[in-house]
Structure formats: structure tokens, C-alpha cells
Amino acid sequence: MLSSRPVDVLSLGQARRVALGAQGLDRPRPAAGSRVTMRQLQGVVDRLGLLQIDSVNVLARAHLMPVYSRLGAYDVGLIDRASGTPPRRLVEYWAHVASYVPPTTYRLLEWRQRRYATEAWGSISGVALSHSGIVAEIRELLTERGPMTASEVHALYEADHPRTRTEWGWNWTVAKRALEFLFFTGEVTSARRNAAFERLYDLTERVLPPEVVAAPPVAEDDAVRALVEISARAHGVGTLSCLADYFRLRQGPTRKAVDELVEDGVLLPVAVRGWDRPAWLHADARRPRAATARTLLSPFDPLVFERRRLQELFGMHYRIEIYVPAEQRVHGYYVLPFLLGEQLCARVDLKADRAVRVLRVVAAHAEPGAPPETTSALAAELREMASWLGLDDVVVGPERGDLASRLAAELAGPGHGVVVAPTAGAAGEQAATSPRGRADPGRPLA
């Protein structure tokens, strides 16, 4: 039974600042031009517990953005080294969804691997029965040859199992399905990603650090409790739904873990004014008296994961509209909330137009109660992001959204070298639907 008697009461503002503090979003990023080190990257990973992966690259890969949001311009090669060279600090698995996690957290998810029949979705869980021979062959292939992409493996099977485009979903090849089955069950994982962001699959025992491979298995109850504790530390304060969603845990095991963590003094029951359900505060959570960050947040940022929590903490109703036909979108295709202090005061639909080296602001909307400095602060943030992405200009237009014209004027000030697009065009807009749009958006293609 959940422990729900509060030992403390938090105002909504206090809860908001606790959440920002837990996420490392309560203070300014390092000064522009500062060199970001692997140690700082590790600090972000330790704080967040995971980095979500998604194949959409309209602005920047999803796993790259949370680090930028907290550390500013950094060399993305740090993540490549952390995830692609031994001893690895990050490995891939289904955590929130497809995610990078520390190797020790990977071991906490082994119960999910053992339960593939109920934890994996249909196109994966049935592979062991429908293609058992190919699974065994591919397992042996990787053992002999080492890291290979799904396309390289498919080339060996294409004659007998050609690619089709008629099935519902992602239209994975048989080779890809077999590899994803082995990935889900923990027999293989990603040794690294290539320039096209394809996984190079290899035996997990050759990817994880030796000490992690040698560690004994973690009992399921203990693993779930550890995952909930990571989630609680990353949230600062959260409800049962928040704590379960971070690693996509079922509520029953999460409820049991919460009770045990309360008994151990790791979690403290609290009441948050305005919330209609119990909440828990991590015992080590900081309680900042102010929040002073300025940053853009990816649609896949951990602060944005749980939409109800986002609305209750910040008053922002947020929906990712990638899967919505263009004419039905309210705010845009790839919309980033803008954090200023402790407010989410705007949202912008962005596209990195690499062909002409510009950051396109397709739409810009202010949130209710946005402070007067929102426009200038957002303009400064967009300039910093453009610089990090290696882009020369920020282009606003065609003007869409109540903040667009003011933002265009701010960016077009003297000395900024910014171009304001005069007419509408296809640039920055994605197709209304895609093969991914037909798949389960909770299972991003990775």
C-alpha cells in the first residue's frame, strides 16, 4: 500500500524549482566558449539517468539536445566516444524508449530482456518462433565477424527474404527483425553508430565493460527499486505516474518500490499544492530558491517526458505534432519549449537547414504570462543554438505564431547578420506523414 501521509507541503513554485534543480536546469549554462569536458558530460548522464534516442534529425539528434540544454555548445564527439569506444560510459537499450543508459543501468533492465514475450511489441516478440533459424544464423554471424549494420546483414539474406513495403509499421527486413529480437533479449547491443546513424550490432559481452559483464544478475524487485530511485532522483519530486514513466515501468511494481524506498528514507511523501494525487520528494533533492536558466528543450528532453506533469508544473499543454498532418498542426512539426527562469514562456518550431546554413524558425508562439524579456532572451538563445549547429544565420518566416514578428524584428537588429524570409516555402516543413507516423510513437525508430 502506498505511503501517502505527507511529511511536507510544497507550493507549486517550490515543486517547479525542485524539478528544475534535479534536472540541472535551475542555473545558467557554462559561459559561451567554455570547453565542455567528458567529466561534465558524465555529470549530465548521472543526473538524468538516460538520454532518449530518436531518428528525427530536423534540428539535432534527440540524444544530443539535453546535453546542449544543460551545458551549451559542446563537441558532440564526446557522446560518440562515450557510447562507441571502450570502456563505454553509455550503451543502448529500451529504457524510457530507445535510450542511451550507463552500463550499470543496462544490467538493471535485464529482467525486461528475459520477459521479451510480454515486454516487447509484436513484431519483435514473435521472431523467436517465426524466424528461429535466421536468429541463430545471425547470432553466429556477429560472433564471427563482429559489428555489422542491419543493412549489411540484410544483404546476406535479401535473396531469400527480400525487403517489402506493404506491411503496416516500419517495414523492417527479416534481418532487422532478428537483430532487434537479439537486441531486446540482450544478446547483442549497439557497438556504435555510423555516419548514417545506423546501429552496428555486436555481442553485448564485447560491448559492456568487463566488470559489468562479470557482475551477478540483479533480482527483478531490486532492479525495479533501483530504477525507480534513479527516476526519483531525476525528477526531484514526482507522482507515481511520473516515477513509472521514466523507465516505462508498470505501476504495480513501481508502487511496491516506492513503498520500500519510503521505508528506507530515500523518498519522502509530500503534498504539492494544486496536485490531486500523492507525490514523493527524493531525500537528496535540492530546493533552489530561484531558477535562472535560459535554454531550449527538445521534445524528447526528460523534463518534457510526462505531459501531465509538464502541464501541472509549468502550465504548458504540450503535444508533439510530428505525426499530425501539416494542415492540422497547431504549433508546428518539431517544437521546442523555451525555458526562461522557472517559466516555459514560449515554443518554437525549428529546422536546421544545413544546405544553406541557416536555422529556420518556422513558427514562434508565446505562452500566457510570458515576461517582456522573452523575445530578446529567445533571440539570444537561437543565435547560440545556430552557432552550436554550425549555422550562419537565423531565419524567421514566413511569420507564423504570435511571437514571430517580434522575434524577427529582434533578430534583424543591426550587426546580427540575420535574414528574414519574405515568403512562404517548403523549407523547414516536413511531409505530413511518414513511415514512422504509422508506427507506435511510443516506440521511436532507433
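This text follows the structure it describes.
Residues numbered from 1 in each chain as written. Predicted model: local features only at pLDDT ≥ 70, side-chain atom pairs only at ≥ 80, totals over all residues. Heavy atoms only, no water.

## As for the side chain of Thr254
Heads up, the condition is: A run of H or I in DSSP counts as a helix once it spans at least four residues, and a run of E counts as a strand once it spans at least two, with each numbered from the N terminus. Throughout this description, a polar contact denotes any pair of N or O atoms lying within 3.5 Å of each other; where both atoms belong to protein, one of them has to be capable of donating a hydrogen while the other can accept it, and for residues adjacent in sequence the pair is counted only when both atoms sit in side chains. Contacts: residue pairs with any heavy atoms within 4.5 Å of one another.
Within the fold, Thr254 resides in helix 16 (residues 251-263). Among the polar contacts made by the side chain of Thr254, one reaches the main-chain carbonyl oxygen of Arg250 at a distance of 2.8 Å. Filtering out sequence-adjacent residues up to four positions away, Thr254 remains in contact with Val228, Leu240, Leu243, Ala244 and Leu249.

## Quick notes on the pairing of strand 5 (residues 188-193)
The two faces of a sheet get side chains in turn, since along a regular strand they alternate between them. Let me state the cut-off plainly: Remark: exposure states derive from per-residue accessible area (1.4 Å probe, protein chains only) relative to the maximum for the residue type, with buried under 20%, exposed over 50%, and partly exposed in between. Any two strands are treated as partners once DSSP identifies two or more bridges connecting them.
Here strand 5 lies mainly inside the structure; five of its six residues are buried. Here strand 5 folds back onto strand 6 (residues 199-203) in antiparallel fashion, the turn holding five residues, of which Phe197 has a positive phi close to 65 degrees.

## Quick look at the pairing of strand 8 (residues 267-272)
Relative to strand 8, strand 1 (residues 8-10) runs parallel, the two sharing three bridges. Each bridged residue has a counterpart across the sheet, and for Asp8 the counterpart in strand 8 is Val270. Relative to strand 9 (residues 279-282), strand 8 is paired through four bridges, and the arrangement is antiparallel. Note on strand 9: the bridge partner recorded for Val270 is Ala279. In textbook terms, the turn of a hairpin is the stretch between consecutive antiparallel strands, and for strand 8 and strand 9 this stretch comprises six residues, one of which, Gly274, has a positive phi near 100 degrees.

## Here we look at the environment of Arg88
Structurally, Arg88 can be placed in the loop between helix 4 (77-84) and strand 3 (91-94). With a relative accessible area of 10%, Arg88 lands in the buried category. C-alpha of Arg88 to C-alpha of Arg192: the two residues are 104 residues apart in sequence and 10.0 Å apart in space. Separated by 3.0 Å, the side chain of Arg88 and the backbone oxygen of Ala191 make a polar contact. Reaching out from Arg88, the side chain makes a polar contact with the backbone oxygen of Val207 at a distance of 3.3 Å.

## Focus: the packing of aromatic side chains
Selection rule: Stacked, edge-to-face and tilted are the three classes for Phe, Tyr and Trp ring pairs, Trp counted by its six-membered ring, which pair at centre distances within 6.5 Å; planes under 30 degrees apart are stacked, over 60 edge-to-face, the rest tilted. We call a charge positioned above a ring when the Lys NZ or Arg CZ atom is no farther than 6 Å from the ring centre and deviates by at most 35 degrees from the ring normal.
Applying the stated criterion across every chain, the model contains nine aromatic pairs. With centroids separated by 5.5 Å and ring planes inclined at 70 degrees, the aromatic side chains of Tyr93 and Tyr106 adopt a geometry described as edge-to-face. Taken together, the residues span a long stretch of sequence, with Tyr93 in strand 3 and Tyr106 in helix 5 (residues 103-108) at a distance of 13 residues. Joined through ring pairs, the aromatic side chains of Tyr93, Tyr106, Phe183 and Phe184 make up one cluster. When the ring centre of Tyr68 is taken as reference, the NZ or CZ atom of Arg29 above it lies at 4.9 Å. The ring of Phe183 has Arg199 lying over it, and the distance from NZ or CZ to the ring centre is 4.0 Å.

## A word on the sheet that holds strand 14 (residues 393-396)
Think of a sheet as strands paired side by side through backbone hydrogen bonds, with each pair either parallel or antiparallel. How we decide: Whenever a helix is involved, its axis is fitted only over the stretch in contact; in every case the axis is a line through C-alpha atoms, and angles between N-to-C directions fall within 0 to 180 degrees.
Strand order in this open sheet of five strands is 10-11-12-13-14, and the pairing throughout is mixed. Whereas interior strands pair on both sides, the edge strands pair on one side only; in this sheet they are strand 10 (294-296) and strand 14. Averaged over all pairs of adjacent strands, the angle between their axes in this sheet comes to 30 degrees, without regard to strand direction. Relative to strand 11 (residues 335-340), strand 10 runs antiparallel, the two being bridged by three bridges. Pairing of Leu296 across the sheet is with Phe338, part of strand 11. Strand contacts of helix 19 (residues 404-411): strand 13 (358-366) and strand 14, with the helix running at about 150 degrees to strand 14, the strand carrying the most contacts.

## Notes on helix 1 (residues 12-22)
Within helix 1, nine of the 11 residues are buried, leaving the element largely enclosed by the surrounding structure. Three or more residues of helix 1 are buried, namely Gly13, Ala15, Arg16, Arg17, Val18, Ala19, Leu20, Gly21 and Ala22. Downstream of helix 1 by one or two residues, Gly24 has phi in the positive range, about 70 degrees.

## Points about the pattern of salt bridges
As a reminder, the rule being used: A side-chain nitrogen of Lys or Arg and a carboxyl oxygen of Asp or Glu constitute a salt bridge if their distance falls within 4 Å.
Enumeration over the complete set of coordinates arrives at 32 salt bridges. Across the pair Asp8 and Arg287 runs a salt bridge whose closest N-O atoms are separated by 2.7 Å. With Asp8 in strand 1 and Arg287 in the loop between strand 9 and strand 10, this residue pair connects regions lying 279 residues apart in the sequence. The closest approach of N and O atoms between Glu342 and Arg16, which form a salt bridge, is 3.1 Å. Note that Glu342 is positioned in the loop between strand 11 and strand 12 (343-353) and Arg16 in helix 1, a separation of 326 residues in sequence. Of the residues examined, Glu342 reaches a relative accessible area of 21% and is grouped as partly exposed. With a relative accessible area of 17%, Arg16 lands in the buried category. In the salt-bridge network here, residues are joined through shared partners; they are Glu92, Lys176, Glu180, Arg193 and Arg199.

Everything listed here is a matter of coordinates, which is why it stays silent on function.
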